[in-house]
Structures are given as C-alpha cells and as structure tokens.
Amino acid sequence: MSRVTRVAIPLIAAVALSGVPVVTAAASAATASHTSSHTAPCPPRIVADWVRAWNGTDPRALGALFTARGVYTDLGLGVVFRGREEISGWKARADRLIDGIHVTVRATHRDGSRITVDAVYAGRLKAAPEAFAVPMTTLLDLDGHGRITSDQDHYSLAEVLAQSGLPADWTPPAS
C-alpha cells in the first residue's frame, strides 16, 4: 500500500463519519455540467424559432419549422394536423380566434432529439370577457436536421375557458 493510500483511507473515513460531504473533482465537474445544461440562458434555436412563430403573425412561419410530414397535436382541444400546410392553417385559425397569442418559455430540457418546453400560453379568445394565461408543456421531436417531426401541446382547455370567463362547454365558432 502506498503512502498516499495509507494517509487517504483514514482521512476519508474520518470525513465520512463526521457527516461532512466529500466533493471530488469529478463530482464537482459533473454537478457543474448538470447545472449548466438546465440553466442555459437561451433555449435551443428551434425553440426560439417556434416561440417567434407562435408570437408572430405569419402562419407559414410555424409550418416551416416542421418536416414535410410533421405532426402537430393540440391535446387541449384534441386535434391533430399533418404537414406544413395544415399546421400553418392551424396557426392562422388560432390567430383568428385568439387576440394576442403569446407563448413565454419558462424552461427547456433536451434529451437527444426530444425537447421538452415548459411555457405559459396566453391570449384572449375573441368571444371572451377575460384573457387567459395557462401553463403548457410542449414536446418537440426533431429529425437529424433540427426540423420538428412532432409537436404535442399539453395544456388545460378547462383552465383556458375558466380564466376567459366562458362556460366549460363553449366551443369556438366554425371557420
């Protein structure tokens, strides 16, 4: 046994028994790496583009972020749109029904080709006496070129309607 090992073992044992946490260089680096990935000052580019498209007025900007066969699922309303044209049409309809649509990102997490977006979805339904701002989680799946293959928006339609001052059975006008 080397001199360093003979000295280190009793020292580590003493620290362990004292209840003082031991931080190694490797643990410190792993913690710093883990922390920095969750506190990055800006979201991935596709998320910034997605937010800009939702907050903007050009419906085609949203559709352009998707692959040709991309799928957009709005789980609050239970609707699915396939392809850039349908997705752009969905954004155009949302703009006709909701004044001041605004998405604010609170946090993002990336795991391979999936990005989870924690956001606030806000606006004012044109038929409503009040505005809404509800939590939303979006799952974005990307292809190898950074385009969206799948978007799943999770939010509570019941909460949107309640905040808006509309009855729970309200449905948007057909258009």
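Everything quoted here is computed from the prediction, not taken from an experiment.

**Brief notes about the side chain of lysine 91**
No. 1: Mapping lysine 91 onto the fold places it in helix α5 (residues 83–97).
No. 2: The exposure class of lysine 91 is buried, given its relative accessible area of 0%.

**Let's talk about the sheet that holds strand β2 (residues 79–82)**
Whenever strands of a sheet pair, they do so through backbone hydrogen bonds, lying parallel or antiparallel.
No. 1: Strand order across the open sheet formed by six strands is β2-β1-β6-β5-β4-β3, with mixed pairing between neighbours. This sheet does not close on itself; its edge strands, each paired only once, are β2 and β3 (98–111). On average, each strand axis in the sheet is inclined to that of its neighbour by 20°, with strand direction left out of account.
No. 2: Bridge count for strand β1 (residues 66–74) against β2 is four bridges, and the pairing is antiparallel.

**With respect to the environment of threonine 104**
No. 1: When you line up the elements, threonine 104 lands in strand β3.
No. 2: Classification of threonine 104 by relative accessible area gives partly exposed; the value is 37%.
No. 3: The sequence separation of threonine 104 and aspartate 118 amounts to 14 residues, and the corresponding C-alpha distance is 8.7 Å.
No. 4: If we ignore the near neighbours within four places in the chain, the residues touching threonine 104 are Asp118, Ala119 and Val120.
No. 5: Separated by 3.4 Å, the side chains of threonine 104 and histidine 102 make a polar contact.

Rules of the game
Positions within a chain are numbered from 1, following the residues in the order the chain's sequence is written. The predicted origin of the model limits local features to residues at a pLDDT of at least 70 and limits the giving and counting of side-chain atom pairs to 80 or more, whereas totals for whole chains, interfaces and linings rest on all residues. Side-chain calculation: all heavy atoms of the structure are included, whereas hydrogens and water are not. Only DSSP runs of H or I with at least four residues qualify as helices, and only runs of E with at least two residues qualify as strands; both kinds are numbered from the N terminus onward. Throughout this description, buried means an accessible area under 20% of the type-specific maximum (1.4 Å probe, protein chains only), exposed means over 50%, and partly exposed covers the range between. Pairing between strands is defined by DSSP: at least two bridges between them are needed. Fitted lines through C-alpha atoms serve as axes, helices being fitted only where they are in contact, and the angles separating the N-to-C directions of these axes extend from 0 to 180 degrees. Here, residues are in contact when the closest pair of their heavy atoms is within 4.5 Å. For the purposes of these results, a polar contact is taken to be a pair of N or O atoms within 3.5 Å, where, inside protein, one atom must be able to donate a hydrogen and its partner to accept one; residues adjacent in sequence count only when each atom of the pair is a side-chain atom.

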